[in-house]
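# A look at the structure
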Amino acid sequence: MSLADLTLDQWRSFDLPAARRLAEEAAGRVEGRVTLVDTTEHLGAPLHRVRIEREGQEFALIPGGPVTLGFDPDGWRPTAWQTADYAGSLEQGFGAGPDLRAHLAQVLSPRRNVVLATVLMAVEDEDLTEEPADMPAVLAARGLRMPSSDEWEHACGAGAETLFRWGNDCPLDSLPYGDGPGPRNEPNAFGLRVAYDTYRSELTSDVTAVHGGDGGESVCGGYGQLLAWLPLATAHRNPAMAEFVYGPDALHEDCSTRPVLAL
């Protein structure tokens with residue numbers, strides 16, 4: 001079995017020594033070194049996490065294979081406060097639909113099944129150093145590439161089918177940006193620091209999508225509490241913002257990307 005063909009289900013079936021052996025093999029493939037192999041609890045079962053350092057940058061192992069992505073608003077039941085909060089947003093002139101489910105259907109990717117290769121993905125996103133259209137060449141010079149939208153979404157959610165990578169609700173006692181306690185500032189199941197600050201906006205190879213934040217637009221605009229958190233939702237793609245980022249004015253000052261290292 002090649003490393004790229006490793007599936008998430010296979011990865012879950014390994015014991016810790018087997019996970020360490022595969023981590024060392026992956027590190028050898030990219031001329032890196034293993035800095036972490038541990039095990040966390042995720043979706044009711046153990047999940048190993050691997051970090052590999054290469055040229056001063058840390059990458060996490062993201063097992064692929066057949067995975068389910070996207071969000072099904074019709075199969076989801078909002079809480080009373082979420083419904084009320086969205087109603088308040090509508091009263092202020094915000095929202096992309098007459099109710100919360102309709103709004104989610106417009107801003108989240110649909111439920112779908114895809115097959116992904118196993119890759120190494122940067123633990124931290126990095127600011128763009130060139131125009132979005134020029135970043136693939138910049139990364140290629142370092143032996144890297146931008147992730148696809150599907151890869152980003154899978155890496156963020158790690159198999160969770162909830163609205164956010166940590167669950168279906170957002171903390172009411174904190175904000176979707178800055179430092180402080182809370183699930184958004186904790187490493188995700190694969191060990192990534194991802195979807196952690198709505199002032200960030202991660203770009204992928206898909207020019208119709210922006211992930212992990214909206215540059216602070218929803219917070220500064222007074223959209224309401226739920227809509228302020230929603231850019232951190234795993235399946236959020238923000239097509240309206242993508243038009244600005246990739247438009248003629250190329251508004252990408254708050255944008256970043258999360259490099260991928262193929263195995």
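Anyway, here's the lowdown on the structure attached to this text. Source: prediction; values computed, not measured.

## Details of unusual backbone geometry
- In this model, Leu-43 sits at a positive phi of 55°, which is unusual for a non-glycine residue.
- In this fold, Leu-43 is placed in the loop between strand E1 (33-42) and strand E2 (45-54).
- Classification of Leu-43 by relative accessible area gives exposed; the value is 53%.

## Here's the deal with helix H6 (residues 149-157)
- Of all 9 residues in H6, 8 are buried, a share of seventy percent or more.
- Along H6, the positions that sit buried rather than exposed are Ser-149, Glu-151, Trp-152, Glu-153, His-154, Ala-155, Cys-156 and Gly-157.
- Of the residues trailing H6, Ala-158 is marked for its positive phi of about 50°.

## Description of the pattern of salt bridges
- Summed over the entire model, instances satisfying the criterion amount to 18 salt bridges.
- For Glu-25, the salt bridge identified is with Arg-29, shortest N-O distance 3.1 Å. A residue pair is termed a helical-turn pair when its members lie 3 or 4 positions apart in one helix, as Glu-25 and Arg-29 do in helix H2 (residues 16-29) at 4 residues.
- Using a relative accessible area of 38% as the deciding quantity, one classes Glu-25 as partly exposed.
- In this structure, Asp-38 and Arg-49 form a salt bridge, with 3.3 Å as the shortest nitrogen-oxygen distance. Here Arg-49 lies in strand E2 and Asp-38 lies in strand E1, a separation of 11 residues in the sequence.
- Exposure remark for Asp-38: the relative accessible area of 22% places this residue in the partly exposed category.
- Sharing partners across several salt bridges, the network here consists of Arg-112, Asp-150, Glu-153, Asp-206 and Arg-237.

## Structural notes on the sheet that holds strand E8 (residues 201-203)
- Ordered in space as E7-E9-E8, the 3 strands form an open sheet in which the pairing is mixed. If you trace the sheet from one side to the other, it starts and ends with strand E7 (126-127) and E8, each paired once.
- Inspection of the sheet shows E8 paired to strand E9 (residues 255-257) by 3 bridges, in the parallel sense. Directly across from Leu-203, in E9, lies its bridge partner Thr-257.

## A closer look at a negative patch on the surface
- The grouping of Glu-130, Glu-131, Asp-134, Glu-253 and Asp-254 at the surface amounts to a negative patch.
- Inspection of the secondary structure assignment puts Glu-253 in the loop between helix H9 (239-245) and E9.
- A relative accessible area of 65% means that Glu-253 is categorised as exposed.

## Details of the sheet that holds strand E6 (residues 119-122)
- The antiparallel open sheet is built from 5 strands, whose spatial order is E1-E2-E3-E6-E10. The two strands at the open ends of the sheet, each matched to only one other strand, are E1 and strand E10 (260-262). Neighbouring strand axes in the sheet, compared pairwise and without regard to direction, differ in orientation by 30° on average.
- Sheet topology note: the E1/E2 ladder contains 9 bridges and is antiparallel. Residue Leu-36 lies in a different strand from E2, and its bridge partner there is Arg-51.
- Helix-sheet contacts for H2 involve E1, E2 and strand E3 (57-62), and the interaxial angle to E1 is about 140°.
- Here H6 sits on the sheet in contact with E1, E3, E6 and E10, set at roughly 80° to E6.

## Notes on the nonpolar core
- Ranked by size, the top nonpolar core spans 63 residues in total, and within it Trp-11, Ile-62, Leu-104, Leu-108 and Leu-163 carry the most contacts.
- In terms of residue count, the dominant contributor to this core is H2 (5 residues).
- In contact with Leu-163, other than residues within four places in its own chain, are Phe-71, Trp-76, Leu-104, Leu-108, Asn-168, Leu-230, Ala-233 and Thr-234.

## Comments concerning the environment of Gly-97
- Tracing the backbone shows Gly-97 in the loop between helix H3 (80-91) and helix H4 (100-107).
- For Gly-97, a relative accessible area of 12% puts it in the buried group.
- Setting aside its immediate chain neighbours within four residues, Gly-97 contacts Tyr-86, Leu-90, Ala-102, His-103 and Gln-106.

## As for the packing of aromatic side chains
- Enumeration according to the criterion identifies 6 aromatic pairs in this entry.
- Ring centres 6.0 Å apart and planes at 80° place the aromatic pair Trp-166 and Trp-229 in the edge-to-face group. Of this pair, Trp-166 sits in the loop between H6 and E8 while Trp-229 is found in helix H8 (residues 225-229), placing the two residues 63 residues apart along the sequence.
- When its relative accessible area of 1% is taken as the criterion, Trp-229 is described as buried.
- On the basis of an interplanar angle of 85° and a centroid distance of 5.1 Å, the ring pair of Tyr-177 and Tyr-199 is categorised as edge-to-face. With Tyr-177 in the loop between H6 and E8 and Tyr-199 in the loop between H6 and E8, this pair connects stretches of sequence that are 22 residues apart.
- For Tyr-177, a relative accessible area of 28% translates into the label partly exposed.
- Residue classification places Tyr-199 among the partly exposed residues on the basis of a relative accessible area of 31%.
- Within the aromatic cluster, the residues linked to one another by ring pairs are Phe-164, Trp-166 and Trp-229.
- Above the plane of the ring of Tyr-196 lies Arg-193, whose end atom (NZ or CZ) is 3.9 Å from the centre.

Analysis parameters
Residues numbered from 1 in each chain as written. Predicted model: local features only at pLDDT ≥ 70, side-chain atom pairs only at ≥ 80, totals over all residues. Heavy atoms only, no water. Helix = DSSP H or I, 4+ residues; strand = E, 2+ residues; numbered from the N terminus. Buried < 20%, exposed > 50% of the residue type's maximum accessible area, 1.4 Å probe, protein only. Salt bridge = Lys/Arg side-chain N within 4 Å of Asp/Glu carboxyl O. Pairing = 2+ DSSP bridges. Patch = residues over 30% accessible without salt bridge, like charges linked within 9 Å, V, L, I, M, F, W, Y side chains within 5 Å. Areas by Shrake-Rupley, 256 points an atom, 1.4 Å probe, with all protein chains shown as cover. Lys, Arg positive; Asp, Glu negative; His and termini not counted. Charge placed at Lys NZ, Arg CZ, Asp CG, Glu CD. Axes fitted to C-alpha atoms, helices over the stretch in contact; angles between N-to-C directions. Contact = heavy atoms within 4.5 Å. Core = buried A, V, L, I, M, F, W, Y, C linked by side-chain atoms within 4.5 Å. Phe/Tyr/Trp six-rings, centres within 6.5 Å; stacked < 30°, edge-to-face > 60°. Lys NZ or Arg CZ within 6 Å of the ring centre and 35° of its normal.

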